[in-house]
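Report on the structure
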Amino acid sequence: GANARLDVARGHAGAAALAALAPSVVQLRAQTERLAVQIQSQQTRLGPAHPDARSLSRQFAEAERALKSEVARVVAATEAEQNAAIDRVAALEAELRRAQQDEDRAAKAGIPLEALERDLAAARSQLQAVLERKQQTAQQAAVETSEAREISQALPPTQQSSPRTLQVMAAS
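Here the structure is a predicted model, which means the values were calculated and not measured.

1. Side note on the overall build of the chain
The helix and strand inventory of the chain stands at 4 helices and 0 strands. Counting from the amino terminus, the chain carries its helices and strands in the arrangement α-α-α-α. Within the span of the chain, comprising 172 residues, buried residues form 13% of the whole. Within the chain, contacts between residues separated by at least 24 positions form 62% of all contacts whose residues are at least 6 apart in sequence. Summing over all exposed atoms, the chain offers an accessible surface of approximately 14200 Å²; the carbon and sulfur share of this is 56%.

2. Digging into the pattern of salt bridges
Two side chains bearing opposite charge may form a pair once their charged atoms approach each other closely. What the rule picks out here adds up to 2 salt bridges. Between Arg 73 and Glu 70 there is a salt bridge, and its shortest N-O distance comes to 2.5 Å. One end of the pair, Arg 73, and the other, Glu 70, are both in helix α3 (residues 51-143), 3 residues apart, so they sit about a helical turn from each other. On the basis of relative accessibility, which here comes to 46%, the residue Arg 73 falls in the partly exposed class.

3. Concerning the nonpolar core
The tendency in soluble globular proteins is for nonpolar side chains to be buried as a group. Grouped together as the largest cluster of nonpolar side chains are 6 residues: Val 25, Leu 28, Leu 67, Val 71, Val 74 and Val 75. Elements with a minimum of two residues in this core: α2 (23-46) and α3. For this core, the element with the highest residue contribution is α3, accounting for 4 residues.

4. As for the side chain of Thr 32
By the secondary structure assignment, Thr 32 is in helix α2. By relative accessible area, Thr 32 is classed as buried at 8%. Contacts of Thr 32, omitting those with residues within four sequence positions, involve Phe 60, Ala 63, Glu 64 and Leu 67.

5. Quick look at α2
Counted at 1.5 Å a residue, the expected span for α2 with its 24 residues is 34 Å, and the 34 Å between its end C-alpha atoms agrees. Within α2, burial applies to Val 25, Leu 28, Thr 32, Leu 35, Ile 39 and Gln 42. Of the residues trailing α2, Gly 47 is marked for its positive phi of about 100°.

6. With respect to the side chain of Gln 42
Of note, Gln 42 is situated in helix α2. Setting aside anything within four residues of it in sequence, one finds Gln 42 in contact with Gly 47, Asp 52, Ala 53 and Leu 56.

7. What about the confidence of the model for the chain?
With 85% of its residues at a pLDDT of 70 or more, the chain shows a mean pLDDT of 81. Confidence scores differ between elements of the chain, with helix α1 (residues 2-9) showing the lowest mean pLDDT of 60 and α3 the highest of 88.

About the criteria used
- Residues numbered from 1 in each chain as written.
- Predicted model: local features only at pLDDT ≥ 70, side-chain atom pairs only at ≥ 80, totals over all residues.
- Heavy atoms only, no water.
- Helix = DSSP H or I, 4+ residues; strand = E, 2+ residues; numbered from the N terminus.
- Buried < 20%, exposed > 50% of the residue type's maximum accessible area, 1.4 Å probe, protein only.
- Contact = heavy atoms within 4.5 Å.
- Areas by Shrake-Rupley, 256 points an atom, 1.4 Å probe, with all protein chains shown as cover.
- Salt bridge = Lys/Arg side-chain N within 4 Å of Asp/Glu carboxyl O.
- Core = buried A, V, L, I, M, F, W, Y, C linked by side-chain atoms within 4.5 Å.
- Expected span 1.5 Å × (residues − 1).
- pLDDT = per-residue confidence, 0-100.

Laid out in structure tokens, this is it:
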């Protein structure tokens, strides 16, 4: 990610990682290396005081300044990208925390609601049982008709029917 590119741009990675840098930096490094080889060749052939060797040395110094400037630009851009990524991560983490807090509040609010729903279900089942029992009782009352009929009105007896005292005394 951004950290790896920043390390490469700062020179903390090996030469193989240079390919990950901006093409402009790669080109400037290649140009600087070619100039260094040419300077070495000119100085050994013509000497360091020769005008062509001095001209190459000036070109080399200018190429190194351009390279340092380009590396600084790439590092600054990569640091800005890294800071933006850090900011995005921080914003996403804050959003995640808010979402977790919202979820926790919703879960806590849901607990009393679930208890009320259970109570409602229990009351509903009790009411259903009472209604079913009432309906069964009404059906039984409709089916069970008494076969006893009132023929006449009952009259109180005129004399005592029990115990028969006269018969009990005679038997004793």
